[in-house]
Amino acid sequence: MELILGNLLRSGVLLSAAVVLWGASIYLFRHAHEPANYRVFLGEPSEFRTIRGVIRSVMNGRGRGLIQLGLLLLIATPIARVAFSVVGFTIERDRLYVGFTLIVLAILLYSLFGSSIGV
Amino acid sequence: MTVLEFTAVVAVVSFVAGFLGSLTGLGGGVVLVPLLTLLFHVDIRYAIGASLVSVIATSSGAAAAYVKEGFSNIRIGMFLEIATTFGALLGAFLATRIPTSALASIFGLVLLYSAYLSRKPRPEAQRNLPPDPLATRLRLNGSFPDLEGPRKYNVQHVPTGFSLMFGAGALSGLLGIGSGAVKVLAMDQAMRIPFKVSTTTSNFMIGVTAAASAGVYLSRGYVDPGLAMPVMLGVLAGSLLGSRILVKAETKSLRLVFSLVILVLGLQMLYKGFWGKI
């Protein structure tokens, strides 16, 4: 179980790094000679802020959309790890820790899907 | 600077930060935000977003190596993650509300504390502490492989550790760092978890904690693909290399240099934050 979790984490990170690299090559190829400026905070446009926006911009073949998709995969990796732990504790019939793990999972999912609504 | 030059320089700096961070065990994220803001004049909110993403990458990348050795305690990790993820969510919401100068000042204080902690000797290894009733009920006690065979340990002061971990999570969400310094305070000093167990378990937890605030950062537009890309790839490559040669290298003097760097960066962040220059 522990080993599966370790490999899951590693492959998640490698997959996301590969997607980020792929997006980076498109982005750099297109924008290499434009000036870089991060002095002023503007906030990202919605195509890089929401899951739906990121998917749409990947469909349009945008490099930065692909980078954001890679970063989303990276964020999903530890969440998948927690989800697997729910299964692990269920197999061990450890009700207390199934409960604890579900709480953690709920907080993570709220952050990823719910934080743009509400507060 | 053009996009190409900026990407290349940031990737190199992130690589060095990730390499030294994993070699010295002090973490790379803690120097990244000050370097990006002070050296490259990146707005601190973009810097925090990029650093947070790199924290997830290094934690998940390194955790794979640790689980095999049987040191990390998955129950301690999961139990404390309730505190850290909840704190991280709160920290991330706070970060979107408080002024950047306050963020910089808090960051400065955390850096100074990390520098101080890195010069302090680790608390002594626990031997035969009596089991704590709450820790027993939560099944937190465990054992780990030692030279003379498996060694048992009994976790202490669970409520104190739990509240400190909430603080660690809040700092992580607020500043986009792994906040290893506070975790040491909570797990080593309060809960008296053996050094090897606490280090590997906290590394396991850092990625989950960071993921809890990353969603908020992403949806608030703090994660810029053009900046996060070289930071994440650089730190990941650097820390993977660092963890490979960790065993062979003489890290004592390196640790001293790195903690001096942290000290200087901390003073600068405090100064700039205090005068409202960030």
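Residues numbered from 1 in each chain as written. Chains lettered and ligands numbered in written order. Predicted model: local features only at pLDDT ≥ 70, side-chain atom pairs only at ≥ 80, totals over all residues.

A. How the structure looks around the overall build of chain B. Summing up its helical and strand segments, chain B has 11 helices and 2 strands in all. Helices and strands appear in chain B in the N-to-C order α-α-α-α-α-α-β-β-α-α-α-α-α. A compact globule built from 278 residues would reach a C-alpha radius of gyration of about 19 Å, and chain B, at 18 Å, matches this within 12%. With the principal axes as the frame, chain B shows a C-alpha extent of 60 × 40 × 30 Å. In chain B, which comprises 278 residues, the share counted as buried stands at 59%. A sequence separation of at least 24 residues applies to 83% of the contacts in chain B between residues at least 6 apart. (Helix = DSSP H or I, 4+ residues; strand = E, 2+ residues; numbered from the N terminus. Rg over C-alpha atoms; globule rule 2.2 N^0.38 Å. Buried ≥ 20, exposed ≤ 12 C-beta atoms within 10 Å, placed from the backbone. Contact = placed C-beta atoms within 7 Å.)

B. Broad picture of the packing of helix α4 (residues 95–114) of chain A against helix α9 (residues 195–219) of chain B. Across the interface, α4(A) lies against α9(B) with an axial gap of 6 Å and an inter-helix angle of 30°. Between α4(A) and α9(B), the angle is such that the two are roughly parallel. Judged by residue contacts, A:Val104, A:Ile107, A:Leu108, A:Ser111 and A:Leu112 of α4(A) engage B:Val208, B:Ala211, B:Ala212, B:Ser213, B:Gly215 and B:Val216 from α9(B). Its residues assigned to classes, the contact of α4(A) with α9(B) shows 8 nonpolar, 3 polar and no charged. (Axes fitted to C-alpha atoms, helices over the stretch in contact; angles between N-to-C directions. Parallel < 35°, antiparallel > 145°, perpendicular 65-115°, else oblique. Nonpolar A, V, L, I, M, F, W, Y, C, P; charged D, E, K, R; others polar.)

C. The arrangement of the interface of chain A and chain B in detail. Facing the 54 residues of chain A at the interface are 51 residues of chain B. Of all the secondary-structure elements, those providing two or more residues to the side of chain A that touches chain B are α1 (2–31), α3 (63–91) and α4 of chain A. When the residues that make up the side of chain A that touches chain B are grouped by side-chain class, the tally is 32 nonpolar, 14 polar and 8 charged.

D. Spotlight on the environment of B:Leu23. Among the structural elements, B:Leu23 can be located in helix α1 (residues 3–24). As for B:Leu23 and B:Leu241, which are separated by 218 residues in sequence, their C-alpha atoms are 8.8 Å apart.

E. Broad picture of unusual backbone geometry. At A:Arg93, a residue that is not glycine, the phi angle is positive and equals roughly 55°. Position of A:Arg93 relative to the elements: it lies in the loop between α3 and α4. With phi around 55°, B:Arg139 is a residue other than glycine that occupies positive phi space. One can find B:Arg139 in the loop between α6 (133–137) and β1 (142–146).

F. Expanded view of the packing of helix α2 (residues 51–59) of chain A against α3(A). Residues and elements named next belong to chain A. It is the contact of α2 with α3, at a shortest axis distance of 8 Å, that shows an interaxial angle of 135°. Judged on the interaxial angle alone, α3 and α2 are oblique. Regarding α2 and α3, the two cross each other, and that crossing is left-handed. Facing Ile51, Val54, Ser57 and Val58 of α2, the residues of α3 in contact are Gly65, Leu66, Gln68, Leu69 and Leu72. Per-class residue counts for the contact of α2 with α3 are 6 nonpolar, 3 polar and no charged. (Left-handed = near helix turned anticlockwise from the far one by under 90°.)

G. Region of interest: the environment of B:Gly142. All names here are of chain B. Among the secondary structure elements, Gly142 is positioned in strand β1. The spatial distance from the C-alpha of Gly142 to the C-alpha of Ile193 is 9.7 Å, given a sequence separation of 51 residues. In contact with Gly142, not counting residues within four places along its chain, are Asn73 and Tyr153.

H. Representation of the pairing of β1(B) in the model. Residue and element names in this part refer to chain B. Summarising the sheet, β1 and strand β2 (residues 149–153) pair through 5 bridges and their orientation is antiparallel. Pairing of Ser143 across the sheet is with Lys152, part of β2. With antiparallel pairing between neighbouring strands as the criterion, β1 and β2 make up a hairpin whose turn holds 2 residues. (Pairing = 2+ DSSP bridges.)

I. Quick peek at the environment of B:Ser259. Residue and element names in this part refer to chain B. With respect to the secondary-structure elements, Ser259 resides in helix α11 (residues 252–274). C-beta crowding within 10 Å serves as the criterion here: with 18 such atoms nearby, Ser259 is assigned to the partly exposed category. Note: C-alpha distance between Ser259 and Val110 (149 residues apart in sequence) is 12 Å. Beyond its immediate stretch of four places on either side in the chain, Ser259 contacts Leu26, Ala115, Ser118 and Arg119.

J. The arrangement of the nonpolar core in detail. Ranked by internal contacts, the top residues of the largest apolar core, which has 119 residues, are B:Val53 and B:Met232. Take this core: its biggest share by element is 12 residues, from α9(B). Those residues in contact with B:Met232, other than ones at most four positions away along the chain, are A:Val20, B:Val53, B:Ser54 and B:Ala57. (Core = buried A, V, L, I, M, F, W, Y, C linked by C-beta atoms within 7 Å.)

K. Local environment of helix α8 (residues 180–190) of chain B. Residue and element names in this part refer to chain B. Burial analysis of α8 places 10 of its 11 residues in the buried class, the great majority of the element. Taken together, the buried positions of α8 are Gly180, Ala181, Val182, Lys183, Val184, Leu185, Ala186, Met187, Asp188 and Ala190. At its buried positions, α8 is contacted by α5 (100–119), α7 (158–175) and α9. In the stretch just after α8, Arg192 is the one whose phi turns positive, near 55°.

L. Expanded view of the confidence of the model for chain A. The pLDDT averaged across chain A works out to 87; a share of 94% of its residues lies at or above 70. Confidence, expressed as mean pLDDT per element, reaches its minimum in chain A at α2(A) with 86 and its maximum at α4(A) with 93. (pLDDT = per-residue confidence, 0-100.)

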